[in-house]
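The residues making up each chain are set out below.
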Amino acid sequence: MMKKLLVVTLSLALIMFFGVSNVQADYEVELTIAGGAVGEEYETTVKAAEMYMEENPDVYVEVIDTPDSADERMSLYLSFFEAQSPEVDVYQIDVIWPGELEDHLLDLNEYGAQDYVDEHFDHIIENNTNVDGELVVMPWFTDAGLLYYRQDLLDEYDLDVPETWSELEEYAGIIMDGEREENPDFEGFVWQGDAYEGLTCNFLEWIASNNGGSIISPEGEITILNDQAQEMLEKAAGWVGDISPAGATNMMEEDARAIWHDGNAAFMRNWPYAYSLSMETDAFDPEDFGVAPLPAGEEGEPAGALGGWNLGVSEYSEHPEEAADLALFMASEEVQKMRATDASLNPTIDHLYEDEEVLEANPFFEELYDVFVSAEPRPSTIAGDNYSAVSSIVYSEAHSVLTGEQDALTALEYMELEIQDLTGFELGQP
Ligand code: GLC
């Protein structure tokens, strides 16, 4: 008996010991996907990778997470691309990047993507297709800037969901003054004011919703120097240290969400991913918060920046066929549905906005459908290769106004000048 047990234990140990290296050897192909880790992105990508491996036992998929800041993620990718590194096979690519990264990514139409493109939103497919008709990246999830609000606090202070930036300012102030009597950490409005891509999104929302244009018009005129943009930039600078934390100028998505999540903010500007996590906080009940279109200027219409991520296959992958297959699986209806229900990541497949389970988890996908399909694009298509440099000019100058180093008019004049130097585009008005 004892002997038998020993043999069993020994063979188990042998399996466990050799198992690891045997497992690796058993795989014909190993793929690496580089993805985001904001909110629950990483967990759902790992889950999707496991789903893929179950269907493809010959393939091992490793998921590596990348920096939260889009700019830092871009720098990391460029270091891989410049080295023509085969290390990463599939990359998570921002909606603003196809123009800048197309030379490093394969045409997915050559790997069967055309069978699926019709299911996806046209505007994203168009965004992801280059002038030669190549599909540079496959849509994965879409994003639009939204206003999160605390319904319980609006009720308590007898206020409505704000529809203009002035209302937001006023209501945030009223709630904050009241709440601070008990809770010194309470903030009126949290958003993304650090000097990075997220600030370009917030800035675009302020100005576009106040008839201040979209920095560069789709026709290629630089329209940033105008009174409506100046008015909003001044307004936002006034929020810092008032209805928003003094540290707002160092905040990215997860920083804003942390304050909101702890029940310490009346309003938050964020992307849809924050919804499923807000359902799980202990600081307030699920029925105590809501999401709405962002406020607008007095004469304008709300504008949520178009965000979102796609999947591209590296030109330098040693397994292009398999990598493309993985990218198409990741972007498939099955995975998009899982990521939508688990993590409120908005599908790019239109009919999932009518799917019962998706809507049960995210009723706002239906209510705010128009916000998602008509979100305000950043000027990445027209700026092409120059987009990241344009955006860096925009967020650096805007940031200097938020921190009080520079006035809004001077910052907009610099933006115009620097963007013109860079692109050679004509000047215009929105
Ligand atoms: C979100 C958006 C992305 C944007 C980024 C900025 O991840 O989906 O498009 O560039 O936020 O922080």
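All values derive from a computational prediction rather than experimental measurement.

About the criteria used
Residues numbered from 1 in each chain as written. Predicted model: local features only at pLDDT ≥ 70, side-chain atom pairs only at ≥ 80, totals over all residues. Heavy atoms only, no water. Helix = DSSP H or I, 4+ residues; strand = E, 2+ residues; numbered from the N terminus. Expected span 1.5 Å × (residues − 1). Buried < 20%, exposed > 50% of the residue type's maximum accessible area, 1.4 Å probe, protein only. Arc of directions from axis to C-beta. Contact = heavy atoms within 4.5 Å. Pairing = 2+ DSSP bridges. Axes fitted to C-alpha atoms, helices over the stretch in contact; angles between N-to-C directions.

### Notes on helix α3 (residues 70-82)
- Here α3 contains 13 residues, and its C-alpha end-to-end distance of 18 Å stays within 8% of the 18 Å for a straight helix at 1.5 Å per residue.
- Taken together, the buried positions of α3 are Ala 70, Arg 73, Met 74, Tyr 77, Phe 80 and Phe 81. Taken end-on, α3 shows its buried residues confined to a sector of 120°, consistent with a single buried face.
- Buried residues along α3 sit in contact with β1 (29-35), β3 (90-94), α4 (98-101), α8 (197-208), β10 (306-313) and α18 (387-402).
- Positive backbone phi, approximately 50°, marks Gln 84, located one or two places after α3.

### Let's talk about the sheet that holds strand β2 (residues 59-65)
- The sheet built from five strands is open, its strands ordered β2-β1-β3-β10-β4 with mixed pairing. Each edge of the open sheet carries a strand with a single partner, namely β2 and β4 (138-144). Put simply, the sheet's adjacent strands are angled 20° from each other on average, direction ignored.
- Looking at chain direction, β1 and β3 are connected through two bridges and run parallel. The partner of Ala 34 across the bridge, within β3, is Tyr 91.
- Strands in contact with helix α2 (residues 41-55) are β1, β2, β3 and β4; relative to β2, the strand with the most contacts, it is inclined by about 175°.

### What to know about the sheet that holds strand β6 (residues 187-190)
- What the four strands build is an open sheet, ordered β6-β8-β5-β9; its pairing is mixed. Two strands in the sheet have a free side with no partner beyond their single neighbour: β6 and β9 (289-292). Between one strand axis and the next, the sheet turns through 15° on average, direction left out of account.
- One ladder, built from four bridges, connects strand β5 (residues 146-150) with β9; its direction is antiparallel. Pairing of Leu 147 across the sheet is with Ala 292, part of β9.

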